[in-house]
Amino acid sequence: MIKDLSPVRIAIFASGKGSNAREIIHFFQNGRHRVDGRKIEIALIVCNKAGAGVLNVAEESGIPWMLLEKEKFYNGTQYLEELSKRDISFIVLAGFLWKIPPGLIAAFPDRILNIHPALLPAFGGKGMYGNAVHEAVIASGAKQSGITIHYVDEQYDHGRIFFQASVHLSPEETPESLAEKIHTLEHQHFPAQIFRWVECKLSLNP
Ligand code: GAR
């Protein structure tokens, strides 16, 4: 049997600053992390916001990017064809705030992972992103917050949890200081957890 040595290609969907996308790109750069001899490649950045910082990250890293149009994202199959043409087999959401349409979830079953800047199931749902999350956590009097990496289903911030890590809040915590702590935690864990996920999926279903 001929061994499959084709690269495993991941698309990152992101529409913010792109600090997580940058960390993920660096982690997998130059074929540093492989599964069964296959290189893992960040092959595409998908973004819904013209001018978003993540597009600079894509440019600096020489990674192709694509801007989404809402109408086409939710109606029709053009984006699915684009992902298939580029041989994408995994999708990672790193600061992507649109709901993922059912057609995309069906085309990538258990192959879409999201990161959320709090300990789900608390502090998730529509409108819960960025400082809104950290403000809600502080207002609740919680003593800790953290990050959740989870599978994507048809509801916001809802799918099965893959990984969580937590951090303590200090008595004088502000949304800004908490955002910084959470970003550090995300950068520390997200790339390695993506690697673990891809390894685990490919070993079950090469
Ligand atoms: C991250 O903190 C991520 O957890 C959050 O967006 C930020 C993107 O930052 N995602 C959500 O809030 C999803 N509900 P980045 O652009 O610097 O990577």
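As a reminder, the structure under discussion sits directly above these lines.
As the structure is a computational prediction, the values presented were derived from the model and not from experiment.

Student: Would you explain the overall build of the chain in this entry?
Tutor: Helix and strand counts for the chain come out as 7 helices and 8 strands. The C-alpha radius of gyration computed for the chain amounts to 17 Å, which stays within 12% of the reference 17 Å derived for 206 residues, consistent with globular compactness. Relative to its full complement of 206 residues, the chain shows a buried share of 47%. Long-range contacts, defined as pairs at least 24 residues apart, comprise 67% of the intrachain contacts of the chain with a sequence gap of at least 6. Accessible area for the chain stands at about 10,400 Å²; split by element, carbon and sulfur atoms hold 53% of it. When the 21 positive and 22 negative side-chain charges of the chain are each reduced to one mean point, those points stand 4 Å apart.

Student: What's the story with the site of the ligand in this structure? I'm lost.
Tutor: The environment of the ligand is formed by 16 residues, the closest being K17, G18, S19, N20 and E186. Take P117: an N or O atom from its main chain is 3.5 Å from an oxygen atom of the ligand. At 2.5 Å, a side-chain N or O of E186 approaches an oxygen atom of the ligand. For the ligand, the accessible surface in isolation is 450 Å², of which the surrounding protein chains cover 91%. For the shell around the ligand, the secondary structure elements donating two or more residues are α1 (19-28), β6 (112-116) and α7 (175-204).

Student: What is the right way to read the packing of aromatic side chains from this model?
Tutor: Here a ring pair, both rings aromatic, is described through the centre-centre distance and the interplanar angle of the planes. In the structure shown here, the tally under the stated rule is 12 aromatic pairs. Seen in terms of ring centroids, F28 and F195 are 6.3 Å apart; in terms of plane orientation they differ by 75°. Their pairing is edge-to-face. With F28 in helix α1 and F195 in helix α7, this pair connects stretches of sequence that are 167 residues apart. Using a relative accessible area of 15% as the deciding quantity, one classes F195 as buried. Aromatic side chains F73 and W98 sit 5.7 Å apart centroid to centroid with 40° between the ring planes, which places their arrangement in the tilted category. On the criterion of sequence distance, the pair formed by F73 in helix α3 (residues 70-74) and W98 in the loop between β5 (88-93) and α5 (102-107) is long-range, its members being 25 residues apart. Pair check on accessibility: F73 and W98 agree, each one buried.

Student: Which parts of the structure should I look at to understand helix α4 (residues 78-85)?
Tutor: Turn by turn, an α-helix covers 3.6 residues, leaving residues three or four places apart pointing in a common direction. The complete set of buried residues in α4 reads Y79, E82 and L83. Here the buried residues of α4 occupy an arc of 95° about the axis, which is enough to place them on one side. What points out from α4, more than 90 degrees from its buried face, is the exposed set E81, S84 and K85. Once α4 ends, the next one or two residues include D87, with phi positive near 60°.

Student: Whenever I open this one, the packing of α1 against α7 confuses me. Can you help?
Tutor: When two helices pack together, their arrangement is given by the angle between the helix axes and by the axis-to-axis distance. At a minimum axis separation of 9 Å, α1 and α7 run at an interaxial angle of 40°. In terms of orientation, α1 lies oblique with respect to α7. For the crossing formed where α1 meets α7, the hand is right-handed. Between α1 and α7, the contacting residues are S19, N20, E23, I24, F27 and F28 on the first element and H183, E186, H187, F190, P191, A192, I194 and F195 on the second. A class-by-class count of the residues in the contact of α1 with α7 yields 8 nonpolar, 4 polar and 2 charged.

Student: In this structure, what is going on with the pairing of strand β3 (residues 38-47)? I would like to understand it.
Tutor: Regular strands place their side chains on alternate faces of the sheet. Along β3, 8 of the 10 residues are buried, which leaves the element largely enclosed by surrounding structure. The pairing of strand β1 (residues 8-13) with β3 spans 6 bridges and is parallel. Pairing of I12 across the sheet is with I45, part of β3. Count of turn residues in the strand β2 (residues 34-35)/β3 antiparallel hairpin: 2 residues, of which D36 carries a positive phi of about 50°. Note: β3 against strand β4 (residues 65-67), 3 bridges, orientation parallel. Residue pairing in the sheet places C47 in a bridge with L67 of β4.

Parameters and conventions
Residues numbered from 1 in each chain as written. Predicted model: local features only at pLDDT ≥ 70, side-chain atom pairs only at ≥ 80, totals over all residues. Heavy atoms only, no water. Helix = DSSP H or I, 4+ residues; strand = E, 2+ residues; numbered from the N terminus. Rg over C-alpha atoms; globule rule 2.2 N^0.38 Å. Buried < 20%, exposed > 50% of the residue type's maximum accessible area, 1.4 Å probe, protein only. Contact = heavy atoms within 4.5 Å. Areas by Shrake-Rupley, 256 points an atom, 1.4 Å probe, with all protein chains shown as cover. Lys, Arg positive; Asp, Glu negative; His and termini not counted. Charge placed at Lys NZ, Arg CZ, Asp CG, Glu CD. Near = heavy atom within 4 Å. Polar contact = N/O pair within 3.5 Å; in protein donor to acceptor, adjacent residues only side chain to side chain. Phe/Tyr/Trp six-rings, centres within 6.5 Å; stacked < 30°, edge-to-face > 60°. Arc of directions from axis to C-beta. Axes fitted to C-alpha atoms, helices over the stretch in contact; angles between N-to-C directions. Parallel < 35°, antiparallel > 145°, perpendicular 65-115°, else oblique. Left-handed = near helix turned anticlockwise from the far one by under 90°. Nonpolar A, V, L, I, M, F, W, Y, C, P; charged D, E, K, R; others polar. Pairing = 2+ DSSP bridges.

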